[in-house]
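Spelled out from the first residue to the last, the chains are:
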Amino acid sequence: MNQPSHQPRTSRVIVITGAAQGLGRAYALRFGREGHRVVALDIHGEAVQRVAAEIEAAGGECLALTADIGDEASVADAARRIDERFGRCDVLVNNAAIFSTIKMRPFEQIPLDEWMRVLHVNITGTFLMTRALVPLMRRNRWGRVIHVSSAAVAMGRAHYLHYTTSKAALIGMTRSMARELGADGITVNALLPGATDTEVPRETVTPAQKQAQIAMRSIPREEGPQDLEGVVAFLASDDSGFVTGQSLVVDGGLSFL
Ligand SMILES: NC(=O)c1ccc[n+]([C@@H]2O[C@H](COP(=O)([O-])OP(=O)(O)OC[C@H]3O[C@@H](n4cnc5c(N)ncnc54)[C@H](O)[C@@H]3O)[C@@H](O)[C@H]2O)c1
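The model shown is predicted, which means the values in this text are computed figures rather than measured ones.

**Some words on the packing of helix α4 (residues 112–140) against helix α6 (residues 161–181)**
Phase 1 of the analysis: The N-to-C vectors of α4 and α6 enclose an angle of 20 degrees; their axes lie 9 Å apart at closest approach. By the angle between their directions, the pair α4 and α6 is classed as roughly parallel. In this structure, α4 crosses over α6, and the sense of that crossing is right-handed. Packed against α4, whose contacting residues are Glu114, Trp115, Val118, Leu119, Asn122, Ile123, Thr126, Phe127, Thr130, Val134 and Arg138, the element α6 presents Leu161, His162, Tyr163, Thr165, Ser166, Lys167, Ala169, Leu170, Met173, Met177, Glu180 and Leu181 at the interface.

**Considering the sheet that holds strand β5 (residues 143–148)**
Phase 1 of the analysis: Taken in spatial order, the seven strands of this open sheet run β3-β2-β1-β4-β5-β6-β7, and their pairing is parallel. Sheet topology places β3 (61–66) and β7 (247–250) at the edges, where each strand pairs with a single neighbour. Across the sheet, the mean angle from the axis of one strand to that of its neighbour is 20 degrees, orientation sign disregarded.
Phase 2 of the analysis: By the bridge criterion, six bridges tie β5 to strand β6 (residues 186–193) in an arrangement that is parallel. Pairing of Arg144 across the sheet is with Thr187, part of β6.
Phase 3 of the analysis: Relative to the sheet, helix α1 (residues 22–33) contacts β1 (13–17), β2 (37–42), β4 (91–94) and β6, its axis offset from that of β1 by approximately 165 degrees.
Phase 4 of the analysis: Contacting β2 and β3, helix α2 (residues 45–57) runs over the sheet at an angle of about 180 degrees to β3.

**Remarks on the site of the ligand**
Phase 1 of the analysis: Close contacts around the ligand come from 28 residues, with Gln21, Asp42, Ser100, Tyr163 and Thr196 the closest.
Phase 2 of the analysis: Take Asn95: an N or O atom from its main chain is 2.7 Å from an oxygen atom of the ligand.
Phase 3 of the analysis: Residue Tyr163 places a side-chain N or O atom 2.5 Å away from an oxygen atom belonging to the ligand.
Phase 4 of the analysis: A total of 830 Å² of accessible area belongs to the ligand in isolation, and the protein chains cover 96% of it.
Phase 5 of the analysis: Here the residues of the shell around the ligand sort into 14 nonpolar, ten polar and four charged.

Rules used in this analysis
Residues numbered from 1 in each chain as written. Predicted model: local features only at pLDDT ≥ 70, side-chain atom pairs only at ≥ 80, totals over all residues. Heavy atoms only, no water. Axes fitted to C-alpha atoms, helices over the stretch in contact; angles between N-to-C directions. Helix = DSSP H or I, 4+ residues; strand = E, 2+ residues; numbered from the N terminus. Parallel < 35°, antiparallel > 145°, perpendicular 65-115°, else oblique. Left-handed = near helix turned anticlockwise from the far one by under 90°. Contact = heavy atoms within 4.5 Å. Pairing = 2+ DSSP bridges. Near = heavy atom within 4 Å. Polar contact = N/O pair within 3.5 Å; in protein donor to acceptor, adjacent residues only side chain to side chain. Areas by Shrake-Rupley, 256 points an atom, 1.4 Å probe, with all protein chains shown as cover. Nonpolar A, V, L, I, M, F, W, Y, C, P; charged D, E, K, R; others polar.

Structural data, given as structure tokens:
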């Protein structure tokens, strides 16, 4: 029998962290539309439930999980629930981060507890999630890990040093994890988005900085979630099976690695 046209040849189990809003929500909706089984995970339980309801209302399948990626027990519980529901994990998009809530300021003014929290969630949280879900990928000798870094690293953007430091760490993590996981059929790549508008207001880029960045882009226009979704879909697919350890900048050709 013919499958509905939105069904992919393979319906994968795709875990997206930070899926309650912004880019994570956009990736979750995209994979839901494509007929994949989505796990939308976020520290904000009610908001992530709403995203799951959106996906299901559109005919997709989504498990909403409330979890703190920086908490080992919470991550272990999430991995157990994914295993119980689906018995597998094919793709992990490590998108959750402390980002839109950051206040820009010179690094001498960043309090130590804020520095530690950003590094903990953005780096250690990514490590904990990947460590918990790689065993499920290994079972099928197929997996895709996508770490969401930032083009702010390539640009050397000022005034959120904890954030750029954390996103730079993910590039090193990507390369070393790729070495450890390649023989098991698991690829690990980093996505470096440019400043991208979402529905979430934030102060990490001023209107003047945004215009300056647009002017510096080879493709001089605003960036939206639609510029990133397809790249994430490619990194999650069979087509990217020989691409690993790479850092892919998607910022309209502002910075070149
Ligand atoms: N939007 C941009 O311009 C841009 C540019 C470059 C990189 N990025 C990166 O893309 C990703 C998404 O960006 P966004 O604009 O949607 O950010 P956002 O701040 O709107 O969303 C981040 C999500 O992560 C969740 N989260 C935070 N801490 C968590 C934790 N401990 N456990 C679980 N979930 C947690 C939040 O609740 C939120 O839903 C981030 O990694 C960000 O650094 C964004």
